[in-house]
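Structural description and commentary
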Amino acid sequence: QVQLVESGGGLVQAGGSLRLSCAASGRTFSIYGMGWFRQAPGKEREFVAAITWSTGRTYYADSVKGRFTISRDNAKNTVYLEINSLKPEDTAVYYCAAKWGPPLMTSNYDYWGQGTQVTVSS
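What comes next is a walk through the structure. Predicted model only: the values in this text are computed from it and were never measured.

Turning to its location among the elements, T116 is positioned in strand β11 (residues 116–121). For T116 and V48, which are 68 residues apart along the polypeptide, the C-alpha to C-alpha distance reads 14 Å. Here T116 is in contact with E6, S7, G8, G9, L20, A92, V93 and Y94, once residues within four sequence places are set aside. A polar atom in the side chain of T116 sits 3.2 Å from the backbone nitrogen of G9.

In structure tokens form, the structure reads like this:
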């Protein structure tokens, strides 16, 4: 079992920045990679970014390339998502997730956090 706890969401003005954190606990040694997803009101959950646990290889959705940066701190079992130049359309609940194996650019993850709300005001 893996437990995931997100933090760092909040209300931000457009153009601002946020850094979301996802702390993993439990069988973290078995994690192949972790991802961030988001779900806006009335929309389906979408893939945002992912990172492999061992090598740090990153993957991004085309819609967020250049503004979002995913990183990890293996010593802290934590994955981060830095979001710059926030736009109102970034408003969503952001979820982190963990996966036992590839591929990472998929919605089929094994464990999910509870989500953290990001609201961007114009």
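Read on for the rest.
On to the environment of Y95. For Y95, the position within the fold is in strand β9 (residues 92–99). In this structure, the C-alpha to C-alpha distance between Y95 and V48, residues 47 residues apart in sequence, is 9.6 Å.

Quick look at the packing of aromatic side chains now. Tallied over the entire structure, the rule returns 5 aromatic pairs. Centroid distance F37 to Y109: 5.1 Å. Interplanar angle 85 degrees. Geometry classified as edge-to-face. Placement of the pair is F37 in strand β4 (residues 33–39) and Y109 in the loop between β9 and β10 (111–112), with a sequence separation of 72 residues. A relative accessible area of 1% places F37 in the buried class. Considering the side-chain rings of W100 and Y111, the 5.3 Å spacing of their centres and the 80 degrees angle between planes classify their relative orientation as edge-to-face. With a gap of 11 residues between them, W100 in the loop between β9 and β10 and Y111 in strand β10 connect regions that are remote in the sequence.

Its location among the elements puts T52 in strand β5 (residues 46–52). Polar contacts involving the side chain of T52 include one to the main-chain amide nitrogen of R57, which spans 2.9 Å.

Here we have 4 strands laid out as an open sheet, ordered β1-β3-β8-β7, and antiparallel in their pairing. Two strands in the sheet have a free side with no partner beyond their single neighbour: β1 (2–7) and β7 (68–73). Each strand of the sheet is rotated relative to its neighbour by a mean of 20 degrees, with strand direction disregarded. Here 6 bridges tie β7 to strand β8 (residues 78–83), and the two strands are oriented antiparallel to one another. Paired with T69 across the two strands is E82, which belongs to β8.

What follows is about the state of the cysteines. The full count for this structure, using the stated rule, is 1 disulfide. The disulfide partner of C22 is C96, and the S-S distance across this bridge is 1.9 Å. Here the disulfide of C22 and C96 is right-handed, its torsion about the S-S bond being about 45 degrees. In this pair, C22 sits in strand β3 (residues 18–26) while C96 sits in strand β9, placing the two residues 74 residues apart along the sequence. Using a relative accessible area of 1% as the deciding quantity, one classes C96 as buried.

Right, let's get into the pattern of salt bridges. Note that side chains of opposite charge can pair when their charged atoms are close. Evaluated as defined, the whole model comprises 4 salt bridges. Here R67 and D90 are joined by a salt bridge, their closest N and O atoms 2.8 Å apart. Taken together, the positions of R67 in the loop between β6 (58–60) and β7 and D90 in the loop between β8 and β9 put the pair 23 residues apart, joining distant regions of the chain. Neither R67 nor D90 differs from the other in exposure class; each is buried. Three or more residues are tied together by salt bridges with common partners; here these are R38, E46, R67 and D90.

Reading the values: rules and limits
- Residues numbered from 1 in each chain as written.
- Predicted model: local features only at pLDDT ≥ 70, side-chain atom pairs only at ≥ 80, totals over all residues.
- Heavy atoms only, no water.
- Helix = DSSP H or I, 4+ residues; strand = E, 2+ residues; numbered from the N terminus.
- Contact = heavy atoms within 4.5 Å.
- Polar contact = N/O pair within 3.5 Å; in protein donor to acceptor, adjacent residues only side chain to side chain.
- Phe/Tyr/Trp six-rings, centres within 6.5 Å; stacked < 30°, edge-to-face > 60°.
- Buried < 20%, exposed > 50% of the residue type's maximum accessible area, 1.4 Å probe, protein only.
- Pairing = 2+ DSSP bridges.
- Axes fitted to C-alpha atoms, helices over the stretch in contact; angles between N-to-C directions.
- Disulfide = S-S within 2.5 Å.
- Salt bridge = Lys/Arg side-chain N within 4 Å of Asp/Glu carboxyl O.

Functional significance is not addressed by these values, which are geometric in nature.
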